[in-house]
Amino acid sequence: MTQNTKYDVLILYYSQGGAVREMAQLIARGIESVSGVSARIRTVPKVSANCEATEAEIPMNGDPYVELIDCEECIGLALGSPTRFGNMAAPMKYFLDGTVGLWLKGALINKPAAVFTSTGSMHGGNETTLLTMMLPLMHHGMVMVGLPYSEPELSATQTGGTPYGASHIGGAADDKPISADERKLCIALGKRLAETAIKLAN
Ligand SMILES: Cc1cc2nc3c(=O)[nH]c(=O)nc-3n(C[C@H](O)[C@H](O)[C@H](O)COP(=O)(O)O)c2cc1C
């Protein structure tokens, strides 16, 4: 890396109620704490049962929609989705199902990736969502980055935060704020991802 080289790490998330979006912003803080790395935050549109439905190319508000070129240009990926029946939400899966062109080119091979989620209940699929979000990324040849137990919050947390990635437990009414431990683990995950990305990019 030359001194002035600037790299981007992509944070790609879907969020309906805002919890995963807030986690994305915390992960961005971790990414940007690493010299020479910026966070590029993108989202995906909702999907509809009506297959004629189309979204405007640019959302009315919030983060821009992701394009495949974002995945190619960035040196790493943090992928975030709310838990939906123990798995990632359909809009994120729909986007991933459209990345076959990237897979054919091997565009994501050897880039690091991390996952994050927000879940309603403590045992309602927090970890299964993280683990299953990894599968398509591994098909793409990405190198998974988790959280090590050297992060003290991983042992201390009473809510979310796992070795598989960052997580938040929103509660049945989805009204629980992101706890101090969950926040620190989001930031730590972003930092670790960016540090790994910069090593692998050089
Ligand atoms: C269709 C649907 C399915 C859900 N499935 C689960 C689930 O399996 N387990 C769980 O604990 N929470 C589940 N939830 C709750 C969401 O995961 C939770 O509210 C999450 O924090 C939302 O994140 P967001 O605010 O970023 O949209 C579900 C919510 C919806 C709307």
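Every chain's residues receive numbers from 1 upward, in the order its sequence appears when written. Only residues with pLDDT of at least 70 get local features here, since the model is predicted, and only at 80 or more are side-chain atom pairs given and counted; chain-wide, interface and lining totals rely on the full set of residues. The side-chain figures draw on all heavy atoms in the structure; neither hydrogens nor water molecules are used.

Visitor: Would you take a moment to explain the site of the ligand for this structure?
Guide: Surveying the vicinity of the ligand reveals 17 residues, the closest of which are S15, T83, S118, G124 and D174. Polar contact is the term for a pair of N or O atoms within 3.5 Å; when the atoms are in protein, one must be able to donate a hydrogen and the other to accept it, and sequence-neighboring residues count only if both atoms are side-chain atoms. In the model, a nitrogen atom of the ligand is placed 2.6 Å from a nitrogen or oxygen of the G124 main chain. Only the protein chains shown count as cover for residues, with accessible areas throughout obtained via the Shrake-Rupley method and a probe of 1.4 Å. Relative to its unbound accessible surface of 650 Å², the ligand loses 76% to contact with the protein. Secondary structure elements are taken from DSSP: a helix is a run of H or I of four residues or more, a strand is a run of E of two residues or more, and numbering for both begins at the N terminus. Broken down by secondary-structure element, the contributors of at least two residues to the shell around the ligand are α1 (19-32) and β4 (112-119). Class assignment of the residues belonging to the shell around the ligand gives a composition of four nonpolar, eleven polar and two charged. The rule for a residue being near a molecule or strand is that one of its heavy atoms must lie within 4 Å of it. Three residue categories are used. Nonpolar comprises Ala, Val, Leu, Ile, Met, Phe, Trp, Tyr, Cys and Pro, charged comprises Asp, Glu, Lys and Arg, and polar comprises the others, including Gly.

Visitor: Just checking my understanding: could you explain the pairing of strand β3 (residues 77-82) for this structure?
Guide: Successive residues of a regular strand alternate their side chains across the two faces of the sheet. Partly exposed describes any residue whose relative accessible area lies between the buried limit of under 20% and the exposed limit of over 50%, with all areas from a 1.4 Å probe on protein chains only and scaled to the type maximum. Most of β3 sits inside the fold, with six of its six residues counted as buried. What you see with β3 is no split at all: L77, L79 and S81 on one side and A78, G80 and P82 on the other are buried throughout. Pairing of strand β1 (residues 7-13) with β3, which is carried by four bridges, proceeds in the parallel orientation. For Y13, the partnering residue across the bridge sits in β3 and is G80. Paired strands are those between which DSSP finds at least two bridges. Direction of pairing for β3 relative to β4: parallel, over a ladder of six bridges. Bridge pairing in β4 places G80 opposite F116.

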